[in-house]
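# Coordinate inspection notes
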Protein chains: 2
Amino acid sequence: METIKTYVKRRIEKFQTALKEADIPGALLAKPEDVFYLSNFNPVLNSHPVYLLIQPEEEPCLLVHCLRYNHAREESVTDNIRCYAKWGDAPSMAPTADEAIEKLLIPRKFRRFAFEMDYVSVNFHRGICKRLGIEESIDVTPLLNPLKIIKDPWEIDCIRGAAALVDRGVERTIEALDQGLSEAEACTEGQYSMRKLWSSKYSDREVSGFGTSEGGMIDSLFAWSLTNEHIAYGTDCPRKIVPESGDISLSMAWASLGGYHAENERSLQVGILIETRENAYEAMLAARKSIFDRLKPGVIFEDLYAAAIEEFKSRGFEDIIPGRVGHGVGLSAHEFPSVAPGNKLALEKNMIFTVEPGIMDLKWGGARHSDTVLITDDGYESLTQLPNGKISIKAG
Amino acid sequence: METIKTYVKRRIEKFQTALKEADIPGALLAKPEDVFYLSNFNPVLNSHPVYLLIQPEEEPCLLVHCLRYNHAREESVTDNIRCYAKWGDAPSMAPTADEAIEKLLIPRKFRRFAFEMDYVSVNFHRGICKRLGIEESIDVTPLLNPLKIIKDPWEIDCIRGAAALVDRGVERTIEALDQGLSEAEACTEGQYSMRKLWSSKYSDREVSGFGTSEGGMIDSLFAWSLTNEHIAYGTDCPRKIVPESGDISLSMAWASLGGYHAENERSLQVGILIETRENAYEAMLAARKSIFDRLKPGVIFEDLYAAAIEEFKSRGFEDIIPGRVGHGVGLSAHEFPSVAPGNKLALEKNMIFTVEPGIMDLKWGGARHSDTVLITDDGYESLTQLPNGKISIKAG
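Rules behind the numbers
Residues numbered from 1 in each chain as written. Chains lettered and ligands numbered in written order. Predicted model: local features only at pLDDT ≥ 70, side-chain atom pairs only at ≥ 80, totals over all residues. Heavy atoms only, no water. Core = buried A, V, L, I, M, F, W, Y, C linked by side-chain atoms within 4.5 Å. Buried < 20%, exposed > 50% of the residue type's maximum accessible area, 1.4 Å probe, protein only. Contact = heavy atoms within 4.5 Å. Helix = DSSP H or I, 4+ residues; strand = E, 2+ residues; numbered from the N terminus. Lys, Arg positive; Asp, Glu negative; His and termini not counted. Salt bridge = Lys/Arg side-chain N within 4 Å of Asp/Glu carboxyl O. Disulfide = S-S within 2.5 Å. Buried area = accessible area lost by both parts, 1.4 Å probe. Polar contact = N/O pair within 3.5 Å; in protein donor to acceptor, adjacent residues only side chain to side chain. Nonpolar A, V, L, I, M, F, W, Y, C, P; charged D, E, K, R; others polar. Phe/Tyr/Trp six-rings, centres within 6.5 Å; stacked < 30°, edge-to-face > 60°. UniProt positions renumbered as here; feature names shortened; annotations may be inferred. Least-squares fit on C-alpha atoms with pLDDT ≥ 70 in both.

## Let's talk about the nonpolar core
Of all hydrophobic cores here, the largest spans 239 residues; its most connected members are Phe15, Leu295 and Phe353 of chain A together with Phe15, Leu295 and Phe353 of chain B. Discounting chain neighbours no more than four positions away, the residues touching Phe15 of chain A are Ala27, Leu38, Ile54, Val140, Leu143, Leu144 and Leu147 of chain A.

Set out below in structure tokens:
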């Protein structure tokens, strides 16, 4: 495998080509995932934002707060790094990010310019356009998504590692629940086991996530559990609940390694289940089979959804069908595209997404397994590899 | 102490009064921290956004994706919950969030309307204003910040718990480094110790963070370490580095409990330090003392900064002074306001922020302790309580 910097440079070239073809003279990226994708720099904290200016024919320019200068110099693919604000002895070009952007862009006299229009704030965008006389703002996301959806060997390698971490996390959480621990305690053990595996085997790659405007995510190795009616919450913090005989419980993990995510989710039958839960579990396994039987290049995403839903409908769950049965993963836990109605895209080699047809209901709970899969030349490879049939634990 | 719902209702009333005084007939909040502040609902994942409509004289309306309906019904202060999209059997008012917002707002014929203009995206804002004929968009953040800066008893209680968690995390991380573990391993132990304390003592309150548009934060208990030149990175993922004699190392932790953050950071001298590191450590302790000596209601934030900087300057560190020496904490790890030049606000009782004057340099490292402090009637209380003088560990 080549170095990360080689892969990132190739991504930049592809993006520059896309800009040129769309006749866009420049784009300013601000979303941490996008900036990382095309620079390899993750500041972890994003309360002092990082910007990346990309033009079809020039070296990209990374603009960081002075506080991030040294870190950016180590990680960034581009050596063209400029700073704003004041901290320590880093060389600053302007007191604020807005003024620095102005200085960078004014000489280039952009009239047409691209932003992440679903991400940048009204205040930020309005200020730049007004000061620089930008007349036409183009949304850059439709140019980036098609690039991000196909993973390169480096990205696949990271997700493979992340998959090993979530497998470990879910396995350990289930074991702890089986030993009678509460959700909160079991997920604590699940996260610890992921961290231990990371620090012994994978600590040359970061597990930090991407920050918000007021914080950051130092560590992205999460395990959580939901039992019975809480399954219908979709996601929640684990609680001081010990699953008992008759319960249905869901153990889940996310991890990102080198910026790239995997997810694993497993439904557990605790002791003996009532008929509705039993039927739901069986329906979920059947819906999964209908998807896995079809997974290969050329198949249309929405047809995977339709096949899974057919199984739920034919088994009496037509009133509670899910809105999607999987989603892309990558720099985000939930990335473009969804395995959902309306998605006419065809599967291609090196796409990675989750397969997780599930049903849930506030009255009795729900059932869902999720795996992270890679599309191959003629089929798929499941990157998460825990047993995927019916999983039972004894009453707590 | 009263219930969380009572406190949230009081916050809503204050915000409604502020809207009325500013002659703003309605505001739509979308930032997860703000929605939680005025509804008590944190979906954890925000890839299907939650919106909160607030008007001066009406019950707030929470708008959620169908997938979040059951969860919102348990946690939200308001019972006025509407849904968009399609998932399971939740009652949906429209296929998309935009269409649902349109249905909610059209009958109210707003011309002036408030948004978080530093948060909402250009596409989102443009779509709503165009479809609804909104002529004047007002930024709601200047109305919310003054409310959020003064903490109520519930918020203080959460931060007190979070402070106990970060104290444990940093203490355990330091102990593990002292035993010769690497940064990555030591922080793994630090996080585990926080999780154990949480699951045994605090698991009635959530440790989840707030999600981004493509993900979420199940757990917010983070410990991390930076050694020598990496201190000058500000923040980074811990590495496979074992601190050795002569090194200076920084152990840090963040935690949020019930949505509210605390932070603790401690500089460690490993064995014997070179003179620059020794002097930097002493200067940092002196800068801290100059702030703590002044901490009480009425003092101006920027005067705290000036006092700390004076210590750094008088000790030969005038070329690497920091841009701020603390920041607000609350629903975010880095909240309004900064302890920085230009901040003319006066300290008031029940403000909570960090005190963390620090210096750093790529050549030799840096020194910084951070504590989370509560302003009281006539002084302050440090919510984080680890030893705050010079801390030594033996060489790894």
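## Re the side chain of Glu75 of chain B
As for its position among the elements, Glu75 of chain B is in helix α3 (residues 69-75). The side chain of Glu75 of chain B sits in the buried core without any salt bridge; Arg239 of chain A is the nearest counter-charge, 4.6 Å away. When residues no more than four places from it in sequence are discounted, the contact partners of Glu75 of chain B are Asp236 of chain A together with Lys5, Ser39, Asn40, Phe41, Asn42 and Glu206 of chain B.

## Notes on the state of the cysteines
Residues and elements named next belong to chain A. With the rule as written, the count across this model stands at 0 disulfides over all chains. Counting only cysteine sulfurs, Cys66 is the nearest neighbor of Cys83, a cysteine outside any disulfide, at a range of 4.7 Å. The thiol sulfur of Cys237 is not disulfide-bonded, and the nearest other cysteine sulfur, from Cys187, lies at 8.6 Å.

## Description of the interface of chain B and chain A
Many descriptions give the size of an interface as the accessible area lost when the pieces come together. Residue-level contacts link 78 residues of chain B with 78 residues of chain A. Around 6,500 Å² of area is buried between chain B and chain A when both sides are counted, 53% of it from carbon and sulfur atoms. Counting across the interface, chain B meets chain A through 6 salt bridges. Here chain B is connected to chain A by 42 residue pairs in polar contact (both at pLDDT 80 or more). Every element with two or more residues in the side of chain B that touches chain A is listed here: α3, α5 (122-132), α8 (183-202), β7 (222-227) and β13 (359-361) of chain B. Sort the elements by how many residues they give to the side of chain B that touches chain A and α8 of chain B lands first, with 12 residues. Along the lines of polarity and charge, the residues of the side of chain B that touches chain A split into 30 nonpolar, 24 polar and 24 charged.

## Remarks on the packing of aromatic side chains
All names here are of chain B. Applying the stated rule across the entire model yields 17 aromatic pairs over all chains. Plain terms: the ring middles of Phe292 and Tyr380 are 5.2 Å apart, the flat faces sit at 35° to each other, and that makes the pair tilted. Here Phe292 is found in helix α9 (residues 275-292), whereas its partner Tyr380 is found in strand β16 (residues 380-382), with 88 residues between them in sequence. Note on Phe292: relative accessible area 15%, which makes it buried. Using a relative accessible area of 34% as the deciding quantity, one classes Tyr380 as partly exposed. Relative to Phe353, the ring of Phe301 lies with its centre 5.1 Å away and its plane at 65°, an arrangement referred to as edge-to-face. In this pair, Phe301 sits in helix α10 (residues 301-314) while Phe353 sits in strand β12 (residues 352-355), placing the two residues 52 residues apart along the sequence. When its relative accessible area of 2% is taken as the criterion, Phe353 is described as buried.

## Considering the UniProt feature "domain: Peptidase M24" (unreviewed entry) in chain A
In the numbering used here, UniProt assigns the feature "domain: Peptidase M24" (unreviewed entry) to residues 157-377 of chain A. End C-alpha to end C-alpha, residues 157-377 of chain A measures 17 Å, and it is 33% helix and 22% strand.

## Regarding the pattern of salt bridges
Residue and element names in this part refer to chain A. Under the definition given, this model contains 62 salt bridges over all chains. Across the pair Arg160 and Glu381 runs a salt bridge, and its minimum N-O distance is 2.5 Å. Taken together, the residues span a long stretch of sequence, with Arg160 in helix α7 (residues 153-178) and Glu381 in strand β16 (residues 380-382) at a distance of 221 residues. A relative accessible area of 25% places Glu381 in the partly exposed class.

## Some details on the relation of the copies chain B and chain A
When chain B is fitted to chain A, the residual RMSD is 0.0 Å, and the transformation amounts to a turn of 180° plus an axial shift of 0.0 Å. Viewed as a symmetry operation, the transformation between the two copies matches a two-fold axis. In this assembly the copies share their binding face: 100% of the residues contributing to the interface of chain B also contribute to that of chain A.

## Digging into helix α6 (residues 141-149) of chain B
Every buried residue belonging to α6 of chain B is among Leu143, Leu144, Leu147, Lys148 and Ile149 of chain B, and all of these are buried. Close packing links the buried residues of α6 of chain B with α1 (4-21), β1 (27-29), α2 (32-39), β11 (335-338) and β12 of chain B.

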